[in-house]
Structure formats: C-alpha cells, structure tokens
Amino acid sequence: MGLLLLVPLLLLPGSYGLPFYNGFYYSNSANDQNPGNGHVKDLLNGVKLVVETPEETLFTYQGASVILPCRYHYEPALGSPRRVRIKWWKLSENGAPEKDVLVAIGLRHRSFGDYQGRVHLRQEKEHDVSLEIQDLRLEDYGRYRCEVIDGLEDESGLVELELRGVVFPYQSPNGRYQLNFHEGQQVCAEQGAVVASFEQLFRAWEEGLDWCNAGWLQDATVQYPIMLPRQPCGGPGLAPGVRSYGPRHRRLHRYDVFCFATALKGRVYYLEHPEKLTLTEAREACQEDDATIAKVGQLFAAWKFHGLDRCDAGWLADGSVRYPVVHPHPNCGPPEPGVRSFGFPDPQSRLYGLSRT
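Residue positions are given per chain, counting from 1 as you read along its sequence in written order. Side-chain atom pairs in this predicted model are given and counted only at pLDDT of 80 or more, local residue features only at pLDDT of at least 70, and totals for whole chains, interfaces and linings cover all residues. Excluding hydrogens and water, the side-chain values take into account all heavy atoms of the structure.

**Concerning the sheet that holds strand 9 (residues 99-105)**
The strands making up a sheet are joined through hydrogen bonds of the backbone, oriented either antiparallel or parallel. Two strands form a pair only when DSSP identifies at least two bridges running between them. Helix and strand assignments come from DSSP, with helices taken as H or I runs of at least 4 residues and strands as E runs of at least 2, each series counted from the N terminus. Pairing is mixed in the open sheet, where 6 strands are placed in the order 5-14-13-8-9-10. Each edge of the open sheet is held by one strand with a lone partner, namely strand 5 (58-60) and strand 10 (108-111). Pairwise comparison of adjacent strand axes, ignoring direction, gives a mean angle of 20 degrees for this sheet. Bridging between strand 9 and strand 10 involves 4 bridges; their strand directions are antiparallel. Its bridge partner being in strand 10, L102 is matched across the sheet by S111. Axes here mean lines fitted to C-alpha atoms, for a helix over just the part in contact, with angles spanning 0 to 180 degrees between N-to-C directions.

As structure tokens, this is what we get:
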C-alpha cells in the first residue's frame, strides 16, 4: 500500500480563438477601425501583424504539462521570413508583480525565475510560438501575455490559465477568526494549497459551497459564500451569494481563510490499522508504510477528484481529524457530500485512524 503516482493530465488545446489586438489593429487601409478602440497601425506598407491566442480559459492540473497556444502571421503573407523576438510574461494580479517567463530570438531563448527548466517554445510549425509549461505549480495559474516584436512594431495576445481544484475553508486550531492575511497564506501553504481567489470562491459557490464564517481571499478581501440564507449568516432576507466585508488590513484584522488545492500527483488512502492511534503514532505508521500523513488540501482534492469516500475519521498533518463522504448514508453525518471535521482533538487521544498519501 505504498505511494502510487498518478499520470498527470496533459492538456492540449486544439483550437485558436479570434486574434487579440492589445490596443492596436494593424490594417491594410488607414480607414479601417478596430471596434474595440478605434486605433489603426500599419506595418511595412500596409502589411498587418496579427497574433492569435485562444479566447477560452485553459484548465489543467498541478503537476501536469500544458501548452499555452500562440501563433502569429502577416496579412497579406510575406514572401520571405522575418526575424522576430518573442516574449512571454505573467501579468500582475492581486498585488503580485509581473513575472518574466521567457524571451526568444530564433532558436536562442532564456527563461526566468521559477520557470527556469520548466518552459520552452514549441516552434514545431512556422509562426508557432506556443509556450509549454511543465510540472505546473499552484502559483502558475493566471494570465499570460504572448508578445511578438518585429522591429519597431509589436503585437500580443492573452492566454488565461486556470487549475482545476477545490476551495475549502480553513480555521486555526485556536478557533474562529484567529488568522491575519499573512498567517492565512502560511496555513494554506502548509496544507498543500494557496489562498483562493474571488473567482475560485465564486465558482465553488456556484457548485454549492455554503459557509457562514468569513475568510481571507487572495486580494486581501474578506468574503463568505451563502447558498441558504439564514439568521446567523446575514439574515434570511438577503439573497444567496458571496457576501463581502471588503478589503481588510492584512496584519491587524483576523478571520478564517479560504484555501485552494488542486488535483494530486499521488493517492490519498485510509491506512488500515488494528488499533486507533495518537497523532504521533499515526505519523509513524505512515512512515512505516513509505508514505506521509495527508494534508487537508490533499484530502479535499482526493474527495473532489478521486471520489474518496470513507466514513471513518482519520488524523491529518495539521492535527485535525476529518473524513470524506461522496455518497452520504446513515450514521455518517449530514445528508450532503463533503469533508466532515471533528476539529482539533487532543493529539494523545486514541479514537481515530489516519489518512495518508
């Protein structure tokens, strides 16, 4: 019952959307207008440089490889190839700075920062400058810009990358509303996750997430999702939705946090053991089985993506005790699917088993 590695999903988007013009539309005619902004710009006697990227968001998983499509062409086509410079970078979001990813001229290229060794241009066909990212990480999701530079002219397109994952609320072992923003970031990271974005929380609410305690989001706002309005959660008179307290002070204010975990590279399973274990004994039992005790984010991901269903509660790495239910049944908690929690019991108690990866 050792660790089993899963084959990561390789997402190969097969179609390209309409061109993205980045504020300028190159036209054969000086009278042509871009409906979006009205700018006109010519390249080499009326030849247009057009960059094409997909309009739809690309979805993939942590640990997988993904191709961000980007192609360019000239209208009308040029008789001889031109030397261009390609630049990919990740756009700024929620206060995070922009990140250079890769620059290339011909066959020469350079990657930057955390992307070194994980990115390269496909360049399998003429004018194909798609970017492949390998071993995707939680922090890789976001918006990427593909820029083609021809002399003094440049054009670019936008590609949005989203990881498939699960949002879960997290509360400190010390109780409700004990975490400032930075502590929220830390506890999410410790549980194999990152702080969720508003878009991820909203998507989770659309899928049925209902939680009355407010928590930090990636942009340092504090919000909570409500499916069933009720008195302790803003009152029954308000419509369902994601309620917001707005931005809060990152250091002084304290709430819970919403974390986002993506699909696993390995497997979470319940360790069959003849006796119930303390938290320390549970950690040791996992090591003896060539595994590690599971984190909260890993358990949620296993429940969401691999259908982990177990009515027996087990220890997790943070000292909490939880169990995942996909198909609710009698004597196994509420009638809805979810990951149930017994909170943070005495670590010396011998009432629980363990989940591991």
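**Digging into helix 4 (residues 296-306)**
Throughout this description, buried means an accessible area under 20% of the type-specific maximum (1.4 Å probe, protein chains only), exposed means over 50%, and partly exposed covers the range between. Judged by how many residues are buried, helix 4 sits mostly within the fold: 8 of 11 residues are covered. The set of residues buried in helix 4 consists of V296, G297, Q298, L299, F300, A301, A302 and W303. Once helix 4 finishes, G307 follows within two positions and takes phi at roughly 65 degrees, a positive value.

**Side note on helix 3 (residues 279-288)**
Along helix 3, the positions that sit buried rather than exposed are L279, A282, A285 and C286. Along the long axis of helix 3, the arc covered by the buried residues comes to 115 degrees, so they all point the same way. Exposed residues on helix 3 whose side chains face more than 90 degrees from its buried face are Q287 and E288. An arc is given here, and it is the one of the directions from the helix axis to the C-beta atoms.

**Thoughts on the environment of G297**
The topology assignment puts G297 in helix 4. Sequence separation between G297 and G165 is 132 residues; the distance between their C-alpha atoms is 9.7 Å. Ignoring any residue separated from it by four or fewer positions in sequence, one finds G297 in contact with F168, Q191 and A261. Pairs of residues are marked as contacts when any of their non-hydrogen atoms sit within 4.5 Å.

**Description of the nonpolar core**
What tends to happen in soluble globular proteins is that the nonpolar side chains get buried as a cluster. Buried Ala, Val, Leu, Ile, Met, Phe, Trp, Tyr and Cys residues that are joined via side-chain atoms within 4.5 Å together make up what is termed a nonpolar core. Grouped together as the largest cluster of nonpolar side chains are 74 residues, with contacts concentrated most on L68, W88, L131 and V257. Here this core gets 6 residues from one element, more than from any other, and that element is helix 4. Setting aside residues up to four positions removed in sequence, V257 forms contacts with F168, P169, Y170, L179, G184, V187, C188, V195, G215 and W216. Counting residues in hydrophobic clusters, the runner-up holds 14 residues, among them L279, I293, W315 and Y323.

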